[in-house]
Amino acid sequence: MATILLIGTLDTKGTEFAFVRDLIVERGHQTIVLDAGISAEPLFAPDIAAGAVAEAGGTALANLREAQDRGAAISAMSAGAAKLTAELYAADQIDGILSLGGSGGTSIASAAMQALPVGFPKVMVSTLTSGDISPYVGVKDLTMMYSVVDVAGLNRISRRVFANAVGAICGMVEQPIPEAEDKPIIAATMFGVTTPCVTAVRQDLEAAGYEVLVFHATGSGGRAMEALIKDGYVRAVADITTTEWCDELVGGVLSAGPTRLDAAAQAGIPQVVSVGALDMVNFGGIETVPAAFRDRTLYKHNDQVTLMRTTSAECAQLGSIIAEKLNQATGLAAFFIPLRGVSMIDAEGQPFYSPEADAALFEALREGLDRNKVTLIELDLHINDPAFASNMSTHLLKMIERQAGDGGTPSG
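Remember, predicted model here, so these are calculated numbers, not experimental data. (Residues numbered from 1 in each chain as written. Predicted model: local features only at pLDDT ≥ 70, side-chain atom pairs only at ≥ 80, totals over all residues. Heavy atoms only, no water.)

Draft legend 1. Structural detail: the overall build of the protein chain. What the protein chain contains, in helices and strands, is 14 helices and 14 strands. By its C-alpha atoms, the protein chain is 70 × 55 × 40 Å across when sized along the principal axes. Looking at the protein chain as a whole, 52% of its 412 residues qualify as buried. In the protein chain, the share of contacts with a sequence separation of at least 24, taken over all contacts with a separation of at least 6, comes to 72%. (Helix = DSSP H or I, 4+ residues; strand = E, 2+ residues; numbered from the N terminus. Buried < 20%, exposed > 50% of the residue type's maximum accessible area, 1.4 Å probe, protein only. Contact = heavy atoms within 4.5 Å.)

Below, the structure written as structure tokens:
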């Protein structure tokens, strides 16, 4: 028998939560119901009262009701729900989490779900799922279901959707995880235009006995990798594709934020880093490219993705930023420069080929990297040449071995 945490606003959606609670019990599991409602008394008695949630969020329920500030109330209840959920998980009292909600309920419950580790079963039925759900998912494996109709009563649609959600969460908690040999983890970053390099590095590292997690450098991918490094899952990093910094600097759509490249440096784990896809900024379809950039060198990757070539000035800035990030390293670090191009379309004869822009990038890295902390390795190769990949994987394996021999305690 598993225990499933239900987080809901029982003052307005008590009927719906009673429905899913009863279905879970019928499946042979039990529930803990956390009430996040603030406007009135709950429709049934929860296991964790709204007052306790508000207190965990740093305030009193009476104050939230008196202020009648919906935004502040949601923030407080989100913080409280996240804190209490993390405590329940730490105490091994829950096996899964399910919620139903509109905008407010989704904000509160998803904050709690993001407080749980990757792999813990999480299902969110929301009216918002057909739109941009990135703020609710973050970098966690949160399963979102579109409610189709509002979470406002039981009807022939909502009963089916809610029952499906119960089936999903119960299936998750009931599903055993097949046993496998746990190998130390190395994280790597890839884009389509660096796939040959990353694939070769992955194969080398797997042959050496490591499990390689490859993250697509699309903003969320970089954030997910940084989070797993911080959580201690990762033994070393092959950060080949640092392109997310282009979008952060220039204003593309795939930024991973200003903390990208911080986690490995601060964790002190071995890392090899390169300039993969620093020749491009990402936008949506061609019509979405800002007017200020319409005269730039653009490349239609597909109907939904337009790439813009970074300029020499932008490349120089990127080199300085990345050097500053690498200089934070508290463990072994090496930076690899492929002198003949940084992506599949940055090679002689290709649309983004620009020796001048690449030279500005490389020179900024040479000037900015602290050679006492970061080994700089320049190779007269393209990033996707097999020899470039081989050099990176070989160097990383040597750094891992050296750190272990020096008595280092890398994560993972």
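Okay, back to it.
Draft legend 2. How the structure looks around the state of the cysteines. In total, this model carries zero disulfides according to the counting rule given. C315 provides the cysteine sulfur closest to C246, a residue in no disulfide bond, and the two sulfurs are 6.9 Å apart. (Disulfide = S-S within 2.5 Å.)

Draft legend 3. Representation of the sheet that holds strand 13 (residues 333-338) within the structure. One open sheet accounts for six strands, arranged 7-6-8-9-13-14; its pairing is parallel. Each end of this open sheet is capped by a strand with a single partner; those strands are strand 7 (211-216) and strand 14 (375-379). Adjacent strand axes in the sheet meet at a mean angle of 20 degrees, parallel and antiparallel pairs treated alike. Set on the sheet, helix 8 (residues 195-207) makes contact with strand 6 (185-190), strand 7 and strand 8 (234-239); between it and strand 6 the angle comes to about 170 degrees. Contacts from helix 13 (residues 355-368) reach strand 13 and strand 14, with the element oriented near 155 degrees to strand 13. (Pairing = 2+ DSSP bridges. Axes fitted to C-alpha atoms, helices over the stretch in contact; angles between N-to-C directions.)

Draft legend 4. Representation of the pairing of strand 11 (residues 298-302). Note: strand 11 against strand 12 (residues 305-309), four bridges, orientation antiparallel. Within strand 12, the residue paired with L298 across the bridge is M308. Hairpin connection, strand 11 to strand 12: the antiparallel pair is bridged by two residues.

Draft legend 5. The arrangement of the side chain of N384 in detail. By secondary structure assignment, the location of N384 is in the loop between strand 14 and helix 14 (386-405). Of note is the side chain of N384, whose polar atom sits 3.0 Å from the backbone oxygen of V193. The contacts of N384, once residues within four sequence positions are left out, are V193, T194, T195, P196, C197, S343 and M344. (Polar contact = N/O pair within 3.5 Å; in protein donor to acceptor, adjacent residues only side chain to side chain.)

Draft legend 6. Main features of the nonpolar core. L5, I7, L34, M77 and I97 are the most contacted members of the largest nonpolar core, which has 32 residues in total. Elements with a contribution of two residues or more to this core: strand 1 (3-8), strand 2 (30-35), helix 2 (50-56), helix 3 (61-67), helix 4 (70-90), helix 5 (103-114) and helix 6 (134-137). Here this core takes seven residues from helix 4, the largest share from any one element. If we ignore the near neighbours within four places in the chain, the residues touching L5 are I32, L34, T85, L88, I94, G96, I97 and L98. (Core = buried A, V, L, I, M, F, W, Y, C linked by side-chain atoms within 4.5 Å.)

Draft legend 7. Looking closely at the pattern of salt bridges. The tally for this structure, following the rule as stated, stands at 17 salt bridges. In this structure, D358 and R309 form a salt bridge, with 3.1 Å as the shortest nitrogen-oxygen distance. On the criterion of sequence distance, the pair formed by D358 in helix 13 and R309 in strand 12 is long-range, its members being 49 residues apart. The shortest N-O distance in the salt bridge between R340 and D380 comes to 3.1 Å. Taken together, the residues R340 in the loop between strand 13 and helix 13 and D380 in the loop between strand 14 and helix 14 connect sequence positions 40 residues apart. Residue classification places D380 among the partly exposed positions, given a relative accessible area of 49%. One salt-bridge network, held together by shared partners, links E226, D239, E244 and R260. (Salt bridge = Lys/Arg side-chain N within 4 Å of Asp/Glu carboxyl O.)

Draft legend 8. Up close: empty space enclosed by the protein. The tally for this structure, following the rule as stated, stands at one cavity of 30 Å³ or more. Looking at the largest cavity, its volume works out to about 30 Å³. Only strand 1, strand 3 (96-101) and helix 5 provide two or more residues apiece to the lining of the largest cavity. Element by element, the count of residues in the lining of the largest cavity is highest for helix 5, at three residues. Across the lining of the largest cavity, the residue classes break down as five nonpolar, four polar and no charged. (1 Å grid on protein atoms, 1.4 Å probe; cavity = no way out; pocket = protein on both sides within 12 Å on 5 of 7 lines; lining within 4 Å. Points joined across faces, edges and corners; volume = space filled by probe spheres on them. Nonpolar A, V, L, I, M, F, W, Y, C, P; charged D, E, K, R; others polar.)

Draft legend 9. Summary view of unusual backbone geometry. With a phi close to 55 degrees, Q68 is a non-glycine residue in the positive phi region. Summarising the element assignment, Q68 is placed in the loop between helix 3 and helix 4. Classification of Q68 as exposed rests on a relative accessible area of 71%. One non-glycine residue with positive phi stands out, namely D92, at about 60 degrees. Relative to the elements of secondary structure, D92 occurs in the loop between helix 4 and strand 3.

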